[in-house]
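Spelled out from the first residue to the last, the chains are:
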Amino acid sequence: MADVSDLTVTTTIVNTGDETLSLLADPRSALSSFATNTFAVTHDSGAGVDFTGVKVRYIPEMAAKLADTVKVLAPGESVDVTHEVGRYYNFTGAGEGAFNFEPVNLFTAVEADGSLTELRADVEPAAVHLTGQLATSKALSESSLGGAADARFAARGLSKRAQFTSSCTTSYRSQTNAAITAGSTLASKSISHLQANPSGSTVQTTWYGTFASSRYRETLSSFQTLVSAPASWTYDCSCTDSGTYAYVYPDSYGEVYLCGYFWRAPATGSGSRADTIIHEGTHFPQVLGTDDVTYGESSCKSLARSSPAQAVNNADNHAFFSDYV
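Residues numbered from 1 in each chain as written. Predicted model: local features only at pLDDT ≥ 70, side-chain atom pairs only at ≥ 80, totals over all residues. Heavy atoms only, no water.

Comments concerning the layout of surface pockets
Move 1: Of the pockets and cavities examined, the largest pocket occupies roughly 630 Å³.
Move 2: If you trace the largest pocket, you find 27 residues lining it, with Thr-12, Ile-13, Val-14, Ala-121 and Asp-122 closest to the centre.
Move 3: Elements with a contribution of two residues or more to the lining of the largest pocket: β1 (9-14), β2 (21-24), β9 (97-103) and β11 (116-120).
Move 4: The greatest single-element share of the lining of the largest pocket, amounting to six residues, is contributed by β1.
Move 5: In the lining of the largest pocket, the residues fall into 17 nonpolar, seven polar and three charged.
Move 6: Lining the second largest pocket are 19 residues, with Arg-28, Asn-37, Val-104, Asp-292 and Val-293 sitting closest to its centre.
Move 7: For the lining of the second largest pocket, the secondary structure elements donating two or more residues are β5 (55-57) and β10 (106-110). (1 Å grid on protein atoms, 1.4 Å probe; cavity = no way out; pocket = protein on both sides within 12 Å on 5 of 7 lines; lining within 4 Å. Points joined across faces, edges and corners; volume = space filled by probe spheres on them. Helix = DSSP H or I, 4+ residues; strand = E, 2+ residues; numbered from the N terminus. Nonpolar A, V, L, I, M, F, W, Y, C, P; charged D, E, K, R; others polar.)

Brief notes about the packing of aromatic side chains
Move 1: Within this structure, the stated rule accounts for 23 aromatic pairs.
Move 2: Each ring, one from Trp-233 and one from Tyr-253, has its centre 5.7 Å from the other, and the planes form 80°; the classification is edge-to-face. On the criterion of sequence distance, the pair formed by Trp-233 in the loop between α4 (213-226) and β14 (234-236) and Tyr-253 in the loop between β15 (246-248) and β16 (255-258) is long-range, its members being 20 residues apart.
Move 3: In this structure Trp-233 comes out as buried when scored by relative accessible area, which is 0%.
Move 4: Both rings, one in Trp-233 and one in Phe-284, keep their centres 5.2 Å apart while their planes meet at 75°; by these two values the pair is edge-to-face. Linking Trp-233 in the loop between α4 and β14 with Phe-284 in the loop between α6 (273-283) and α7 (297-306), this pair joins segments that are 51 residues apart in sequence.
Move 5: Through pairs of rings, three or more aromatic residues link up here, namely Phe-34, Tyr-247, Tyr-249 and Tyr-257.
Move 6: Over the face of the ring belonging to Tyr-245 we find Arg-57, whose NZ or CZ atom lies 4.9 Å from the ring centre. (Phe/Tyr/Trp six-rings, centres within 6.5 Å; stacked < 30°, edge-to-face > 60°. Buried < 20%, exposed > 50% of the residue type's maximum accessible area, 1.4 Å probe, protein only. Lys NZ or Arg CZ within 6 Å of the ring centre and 35° of its normal.)

Following this line, the structure appears as structure tokens:
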């Protein structure tokens, strides 16, 4: 291809077993068309590419309760999903040549009793040779953003108070302002706890693993920013994806997109609107620059035990820490 603007990758997910599978359409997986970092993309030289899409908040245990977030595949059945990869990966750093796309192979199955099981799929990478235009300024389609319009190329400035797009109703604005206030309280409590325990604590170990002064400083700094920064951000309510809380473009500081599950979530507590503000805020490099390594309390605790460095780089770990201090 001589222009990546219309480069798409279609993934085909096949149930090769003898039992019907109910799989979550996790926005990070090949079952979702969300513009997330679903692929490992590499140049034949080994060089990587820049991801310019979105990072979302999604908790499998919550999404599993919603019928429209589950894809049922009978034995032998398959489903195709198209991904607009040319519009959320930038290939210029690697240069022209052959690129390989390997999808994330982790899927979550919903069992008959409602419990969740992780499955690893066998994958076959795809390859394409790219020349010419290796980055695009074309907008993503709404299907890649949970029903929201792509605003990456719209000029927006920060103000002293939260701003809302026209997609936010009066009720949504009120709930979001309350979440911003409650999120500020969570950040303040987190700061107080960290400053009172500069050598670590049980809560810090639970969510961040073995104490390290470098991780402590990063965490403290991010909460100090989150006390007031979200009150000046812009909020868009046009995302309608029912299983997703929210998402941000990390490179578009201060723009937060609120999705369908945000309005279903409780105002405060674990997996709430308040701690979603914390979660999304940490994705911005100006705050901390986190990824979405894993979601949900149980998985985040396991991550803290197995890899403290990844835990401090995982947005949900910060959200849950703020809930329990």
